[in-house]
Amino acid sequence: MAFPHRPDAPELPDFSMLKRLARDQLIYLLEQLPGKKDLFIEADLMSPLDRIANVSILKVRSLSLRSCPSFLFEQLCFLVRPRIKNMRYIASLVNADKVAGRTRKYKVIFSPQKFYACEMVLEEEGIYGDVSCDEWAFSLLPLDVDLLSMELPEFFRDYFLEGDQRWINTVAQALHLLSTLYGPFPNCYGIGRCAKMAYELWRKLEEEEDGETKGRRPEIGHIFLLDRDVDFVTALCSQVVYEGLVDDTFRIKCGSVDFGPEVTSSDKSLKVLLNAEDKVFHEIRNEHFSNVFGFLSQKARNLQAQYDRRRGMDIKQMKNFVSQELKGLKQEHRLLSLHIGACESIMKKKTKQDFQELIKTEHALLEGFSIRESTSYIEEHIDRQVSPIESLRLLCLLSITENGEPKRLQMRIYGPEHLLTFSNLRRAGLLTEQGPGDTLTAVESKVSKLVTDKAAGKITDAFSSLAKRSNFRAISKKLNLIPRVDGEYDLKVPRDMAYVFSGAYVPLSCRIIEQVLERRSWQGLDEVVRLLNCGDFAFTDMTKEDKASSESLRLILVVFLGGCTFSEISALRFLGREKGYRFIFLTTAVTNSARLMEAMSEVKA
Amino acid sequence: MDCYTANWNPLGDSAFYRKYELYSMDWDLKEELRDCLVAAAPYGGPVALLRNPWRKEKAASVRPVLDIYSASGMPLASLLWKSGPVVSLGWSAEEELLCVQEDGAVLVYGLHGDFRRHFSMGNEVLQNRVLDARIFHTEFGSGVAILTGAHRFTLSANVGDLKLRRMPEVPGLQSAPSCWTVLCQDRVAHILLAVGPDLYLLDHAACSAVTPPGLAPGVSSFLQMAVSFTYRHLALFTDTGYIWMGTASLKEKLCEFNCNIRAAPKQMVWCSRPRSKERAVVVAWERRLMVVGDAPESIQFVLDEDSYLVPELDGVRIFSRSTHEFLHEVPAASEEIFKIASMGPGTGVFSKESQKADEYLREIQELGQLTQAVQQCIEAAGHEHQPDMQKSLLRAASFGKCFLDRFPPDSFVRMCQDLRVLNAVRDYHIGIPLTYSQYPCQLTIQVLLDRLVLRRLYPLAIQICEYLRLPEVQGVSRILAHWACYKVQQKDVSDEDVARAINQKLGDTPGVSYSDIAARAYGCGRTELAIKLLEYEPRSGEQVPLLLKMKRSKLALSKAIESGDTDLVFTVLLHLKNELNRGDFFMTLRNQPMALSLYRQFCKHQELETLKDLYNQDDNHQELGSFHIRASYAAEERIEGRVAALQTAADAFYKAKNEFAAKATEDQMRLLRLQRRLEDELGGQFLDLSLHDTVTTLILGGHNKRAEQLARDFRIPDKRLWWLKLTALADLEDWEELEKFSKSKKSPIGYLPFVEICIKQHNKYEAKKYASRVGPEQKVKALLLVGDVAQAADVAIEHRNEAELSLVLSHCTGATDGATADKIQRARAQAQKK
């Protein structure tokens, strides 16, 4: 269980440097404004900030943007994401001050970068001259030893729905930072339009500043960039690996989770950091949920046995025990009871028949059988009005796997704004329509025969943006995503990455990564790439230098543009264990099906 | 050796002064220097002469002429002066010529006589005219100090960042001061002026009278004053022929000297060097030059011609119509070696050529002074002007080095390199007579290169870079970039040729910014050339601003998009928005989807109306529809407004051929109206509820009829209605109504949900009622739910369904259901037998 890495598995680079860098920069920025100041921190930045700097380090009064501002000092500092909404809020504060005849010093620190549009708004609101702007280039937060998050959940909606490319530059800069700190990446692969753009921008940055990274030994041998829209299916599935399940149930936020009273079995909520430092969690995070309980009870017995050792100890041994082991045991005890509590809570919520039915339906959809039953299950789900988000998710899953909604399922009962949600989903390619899509392909293939390749590519782009088609079934067959099951799939001893979905489905994204790494290129995957509508956007770039050590060649940085799920992380960790790789994950944000749907829905605000 | 020290003149006991020729000038001056305004830049800089500056007539033939020469007298530029009368000339630290006009305007020219810019010293100066002006240098740059006709001073400490400062008035000042100068102390510029026997110090706040300590009595006027190059020392020349020398702070006297010449000197400058042994002042009259210091005797020279003194960091340059000389204190190292009867170790090494060399050398070695001797030779070589002498000294050093075990070679190597560079720039054709104390001790190689570039001596500069192996970015490419900027100004060459020539030379040299060169080309009015050059610029971020400036916004937009930098795109967009009319702007956007989506995002938050216009322009009815839907709940408050917005949306959807959305929107309108009516009639909150919630609310409120009516009106499918009612009634715990409802007709959703919901509400009794009615496929489940394991087992056995059997079995708890479990096992066994 746990993490029995092969003995030759490479060491992970130390990412805590990123934290130090960000912290030092922030302190420097704040010291630019000497004296006492009020610091406004946007709610979204609070948790990431908490992970790198103790707020007390800042030694300033910080207020959340939402809370009603009560000023103490003559200096105001705003720490915000570059959003127009925030600019307007700041403008209203500053203008209110002006009306009241108060003069203050204002400083806006944008994280991770400043956008021209924001300055524009400040200017339009007439306060550009009153505030000074700065950038806090805090784009990479190490959530765990192998997980870096940019904490930009809006990336998904901004890029995949609105076609807004501004975050791509941020990604490129983050990659640039990584390559300056940890050496160049000798092998690069990627798939997806955004991946390609980010990659090219990053390359440009490297060229402009070359000389710095030259000659450095690469620490990380491969980098793989992947767009979320290459694989929506995996992200839409219910997660059954422990960490994913905790995320689905309690929502892990910035690497920590709030366990409510029903978990802590006290009347208080508890905020718990979930990472490799939590010994208990570390051992169960990647396990299928069905194993977790057994593991935990075994662990509990072990713990008891260790406690029991103290009987029959003489004084000296006892002293030793108390001073050395007891603290560790107590800590472990505490964690163990927490996770057992969490498990119980999950069981209560999930192991009702509903959940099993749900999983069964999902698997049926993935495997492509008994579509009618699944459809009527979804219909019933909608009829029962359990949860709009869940219903939407199932609809999307159905639509992608079946390449179109078999029947228009009315959602209007959830309110008119969901009409917009639907159009959003369609635009992002999460919902596809059967009819027009097929005719398009026909037209497309005719057109592409007539004109040159390049033009055809453009036309294909145009068409695919009109109606993204999903070829999930064909891809699934090509990549063998549904493992052939003979007999019971033993979830205790997983055979392949499918274990993260109870052995029913190998995550598409992970399979692509596995295949490309095996071949060291996209060779032989042309058909898959075409089916993914990524003809122009799959790339490989290898430098011929042999400076990379064999150790570094087994370290792989996987970049998920638009977010990745814990299931994918678990699956790749498993793959790494099997093949002697270590994967490092860089994601714009950790996501799950509910977050995807929420990002797409229009809500009254 | 005797001949070598022939030009050494002792001053006092400790120091020698020597004067040697730098160049013989062939500038072919027609006038005497005294008829011209003269300005010579320090650090071997250029010389500017303004002929006929005082002629008032406007006749072209006698207009003033401004000539610029190199220090060796090579003409660099000559131009006819067409502006107002000039009071003073001076060079800035960047080697720009500042010409102070009588009206207070300062005209700035380049080394080649190219006009750069001009600025004014303020209104006060303009009104009172300029009486006198000085250009001075501080660590901030070059400043200008002006004495106006009203005897007031105005100064600016840095002409690069012009801040005028008007100095306070000197009380009782009726006539111009007899002499004045700018002092720079504690990074602030002061003015010291002499009025009759009094000295005044002006700082920006006050005017204070000062007295130099130890000043000889009987002074009735000061004729001349001089500040040293570093502003540390001050010399005053009085009408009694007495010279006072002291610190510039006027706190300490160094020495005094009485020269007994009462005539005002033409010029007086300090002559010292860093770590000088004996500071001295050089005083020049028409035909006489005197070096005075702390010694009873002065050194005197006769001047054959009209001469001009240029103070330098380590000496004084003296040029006249025919020669250019350098006067300085003999550096310690040279003195040690060459002084007659010198006992310095360096002497021994240097005299190696004499027969006694060996003997000397051994002597020095025994004394353990050989290292010092070698160092002295190396240093002395640096201070020599003649390459021959440099060579002999270096040879001596190299010879001495052979006898040393571990003498680090770098000082020797570096000296050789520095001398090479120095000799190259001192060359007659280049004419920058720098000394070793000036370069590399004071000026850096970067500054030297800049000066060469300024003189358009690109090949020499590049050779120096290559010789010194400077990194490309600091050296060669910087010079090439300057060359290119110069090249684009050659108007007689065609755009293509210039662009090609530049690209050939520069290629992809790192550190060269094509956009800077293009900007220069644009500055010269060569837009086409600028665009061609920009093509070579690899960084789009650099291309865009210039393209915008050149009004090539559309090109700029595509470049910005290419760069992938959204901020850049946005900059161009806003530029375009102001530049084009709305229609054209939208058309441009239409062809650039990336820019379009960016702009849409912005509009969504800032300019909703523009967003609508954008969709209208594109006939994007689908999005228009969505837009109005959003407006219907986000922007509109009143119900009529909301319905109207929805109507517009529906129309748009019809145009977009999206019947489904259109119908849905119309339904929503109906629902809104209806909800309004419900609120009016029944009270409570209905608005903004979904259809489903509306019906639920009605049922919960006991308005079953209404609810059913609504369901019929909106054609809610049967199944959904049943679910809805079931949930609502169970929530109400209205079991009676629920039962009635269940019997109203055959349930389209079966009866299992009834059982489930009752169990959920912990009503087993009610649940059992429905369990019997559950269809056969779900019967087992239902029975298990109500806890009737035995019956469930019976049904399962009847069904002969293996899955059901195991389900029931899993529900069997050991104690109570033992019999049932056995029964199932038996049934299983039987089934297997068959």
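Keep in mind the model is a prediction, meaning the values are calculated, not measured. (Residues numbered from 1 in each chain as written. Chains lettered and ligands numbered in written order. Predicted model: local features only at pLDDT ≥ 70, side-chain atom pairs only at ≥ 80, totals over all residues. Heavy atoms only, no water.)

### Describing the overall build of chain B
Here comes step 1: Helix and strand content of chain B: 32 helices and 29 strands.
Here comes step 2: Relative to its full complement of 834 residues, chain B shows a buried share of 53%.
Here comes step 3: Sequence-distant contacts in chain B: of pairs separated by 6 or more residues, those separated by 24 or more amount to 49%.
Here comes step 4: With the model as given, the accessible surface of chain B reaches about 38400 Å², and the carbon-plus-sulfur share is 49%. (Helix = DSSP H or I, 4+ residues; strand = E, 2+ residues; numbered from the N terminus. Buried < 20%, exposed > 50% of the residue type's maximum accessible area, 1.4 Å probe, protein only. Contact = heavy atoms within 4.5 Å. Areas by Shrake-Rupley, 256 points an atom, 1.4 Å probe, with all protein chains shown as cover.)

### Quick word on the pattern of salt bridges
Residue and element names in this part refer to chain A.
Here comes step 1: For the coordinates displayed, the defined rule picks out 69 salt bridges over all chains.
Here comes step 2: With its nearest N and O atoms 2.7 Å apart, the salt bridge here joins Arg83 to Glu154. Here Arg83 is found in the loop between strand S3 (75-80) and helix H4 (84-100), whereas its partner Glu154 is found in helix H6 (residues 154-161), with 71 residues between them in sequence. Each member of the pair, Arg83 as well as Glu154, is classed as buried. (Salt bridge = Lys/Arg side-chain N within 4 Å of Asp/Glu carboxyl O.)

### Section: the side chain of His339(A)
All names here are of chain A.
Here comes step 1: As for its position among the elements, His339 is in helix H14 (residues 315-350).
Here comes step 2: His339 sits in the buried class, given a relative accessible area of 1%.
Here comes step 3: Apart from residues no more than four positions distant in its own chain, His339 is found in contact with Tyr242, Leu274, Asp278, Val280, Phe281, Ile284 and Leu296.

### Looking at the packing of aromatic side chains
Here comes step 1: Under the definition given, this model contains 46 aromatic pairs over all chains.
Here comes step 2: With a centroid separation of 6.0 Å and an interplanar angle of 55 degrees, the aromatic rings of Phe224(A) and Trp522(A) are classed as tilted. Taken together, the residues Phe224(A) in strand S9 (residues 222-227) and Trp522(A) in the loop between helix H22 (508-519) and helix H23 (526-531) connect sequence positions 298 residues apart. When sorted by exposure, Phe224(A) lands in the same class as Trp522(A), which is buried.
Here comes step 3: Taken together, a centroid distance of 5.3 Å and an interplanar angle of 85 degrees make the contact between Phe585(B) and Tyr599(B) edge-to-face. Of this pair, Phe585(B) sits in helix H17 (residues 582-590) while Tyr599(B) sits in helix H18 (residues 593-606), placing them 14 residues apart in sequence. Per residue, the accessibility class of Phe585(B) equals that of Tyr599(B), and both read buried.
Here comes step 4: One aromatic cluster is present, built from ring pairs that chain together Tyr116(A), Phe570(B), Phe585(B), Phe586(B), Tyr599(B) and Phe602(B).
Here comes step 5: Of note, Arg134(B) hangs over the ring of Trp180(B), and the distance from its end group to the ring centre comes to 4.4 Å.
Here comes step 6: The cationic tip of Lys401(B) hangs over the ring face of Phe412(B); the distance from NZ or CZ to the ring centre is 4.9 Å. (Phe/Tyr/Trp six-rings, centres within 6.5 Å; stacked < 30°, edge-to-face > 60°. Lys NZ or Arg CZ within 6 Å of the ring centre and 35° of its normal.)

### Digging into helix H10 (residues 476-487) of chain B
All names here are of chain B.
Here comes step 1: With 12 residues, H10 ought to run about 16 Å at 1.5 Å a step, and its terminal C-alpha atoms sit 16 Å apart, in line with that.
Here comes step 2: In terms of residue burial, H10 counts as a mostly covered element, since 9 of its 12 residues are buried.
Here comes step 3: Within H10 the residues assigned to the buried category are Val476, Ser477, Ile479, Leu480, Ala481, Trp483, Ala484, Cys485 and Lys487.
Here comes step 4: Check the buried side of H10 and you find it contacts helix H8 (445-454), helix H9 (458-468), helix H11 (495-506) and helix H12 (514-523). (Expected span 1.5 Å × (residues − 1).)

### Structural notes on the environment of Lys612(B)
All names here are of chain B.
Here comes step 1: Take Lys612: it is sitting in helix H19 (residues 608-618).
Here comes step 2: Under the relative-accessibility criterion, Lys612 is labelled partly exposed at 22%.
Here comes step 3: Spatially, the C-alpha atom of Lys612 lies 6.7 Å from that of Leu624, the residues being 12 residues apart in sequence.
Here comes step 4: Other than its neighbours up to four places away in sequence, Lys612 contacts Leu624, Phe627 and His628.

### Notes on the interface of chain B and chain A
Here comes step 1: At the junction of the two partners, chain B supplies 42 residues and chain A supplies 40 residues.
Here comes step 2: For the pair chain B and chain A, the summed buried surface comes to about 3900 Å²; carbon and sulfur atoms form 54% of the total.
Here comes step 3: Put simply, chain B and chain A have 2 salt bridges between them.
Here comes step 4: A salt bridge links Glu162(A) to Lys604(B); the shortest N-O distance between them is 2.7 Å.
Here comes step 5: For the side of chain B that touches chain A, the secondary-structure elements that each account for two or more residues are helix H15 (553-563), helix H16 (566-579), H18, helix H20 (621-634), helix H22 (659-682), helix H23 (691-700) and helix H25 (718-732) of chain B.
Here comes step 6: Examining the composition of the side of chain B that touches chain A, we find that 8 residues originate from one element, H18(B), more than from any other. (Buried area = accessible area lost by both parts, 1.4 Å probe.)

### Comments concerning the confidence of the model for chain B
Here comes step 1: In this model, chain B carries an average pLDDT of 84, and 96% of its residues clear a pLDDT of 70 or more.
Here comes step 2: The ipTM assigned to the predicted complex is 0.75, against a pTM of 0.70. (pLDDT = per-residue confidence, 0-100.)

### Some details on the sheet that holds strand S18 (residues 207-210) of chain B
Strands in a sheet are paired, the pairing made by backbone hydrogen bonds, and the direction either parallel or antiparallel.
Residue and element names in this part refer to chain B.
Here comes step 1: Strand order in this open sheet of 4 strands is S15-S16-S17-S18, and the pairing throughout is antiparallel. Each of the sheet's edge strands pairs with one partner strand only, and the pair in question is strand S15 (179-185) and S18. Geometrically, the sheet is characterised by an average inter-axis angle of 25 degrees between neighbouring strands, direction not taken into account.
Here comes step 2: Sheet topology note: the strand S17 (residues 198-202)/S18 ladder contains 4 bridges and is antiparallel. Within the sheet, the bridge partner assigned to Leu199 lies in S18 and is Val210. (Pairing = 2+ DSSP bridges. Axes fitted to C-alpha atoms, helices over the stretch in contact; angles between N-to-C directions.)

### A closer look at the sheet that holds strand S10 (residues 115-120) of chain B
All names here are of chain B.
Here comes step 1: Read across the sheet, 4 strands follow the order S7-S8-S9-S10 without closing on themselves; strand pairing throughout is antiparallel. Strand pairing shows two members of the sheet lacking a second neighbour, strand S7 (86-91) and S10, which therefore form its edges. For this sheet, the mean inter-axis angle between neighbouring strands, taken without regard to orientation, is 20 degrees.
Here comes step 2: Pairing geometry for strand S9 (residues 105-109) and S10, over 5 bridges, is antiparallel. Across the sheet, the residue bridging to Val108 is Arg117, located in S10.

### Brief notes about the packing of helix H26 (residues 735-744) of chain B against helix H28 (residues 764-771) of chain B
All names here are of chain B.
Here comes step 1: Their axes nearest at 12 Å, the elements H26 and H28 cross at an angle of 5 degrees. In terms of orientation, H26 and H28 fall into the roughly parallel class. Contacts between H26 and H28 involve Trp735, Leu738, Glu739 and Ser742 from the first element and Glu766, Lys769 and Tyr770 from the second.
Here comes step 2: Here the contact of H26 with H28 is built from residues that sort into 3 nonpolar, 1 polar and 3 charged. (Parallel < 35°, antiparallel > 145°, perpendicular 65-115°, else oblique. Nonpolar A, V, L, I, M, F, W, Y, C, P; charged D, E, K, R; others polar.)

### Overview of the packing of H22(B) against H23(B)
Residue and element names in this part refer to chain B.
Here comes step 1: Put simply, H22 and H23 touch, their axes get as near as 11 Å, and they point 20 degrees apart. What the angle tells us is that H22 and H23 run roughly parallel. Viewed along their axes, H22 and H23 form a crossing whose handedness is left-handed. When H22 is examined against H23, the residues Leu671, Gln675, Leu678 and Leu682 are found in contact with a partner set consisting of Leu691, Thr694 and Leu698.
Here comes step 2: Considering only residue class, the contact of H22 with H23 consists of 5 nonpolar, 2 polar and no charged. (Left-handed = near helix turned anticlockwise from the far one by under 90°.)

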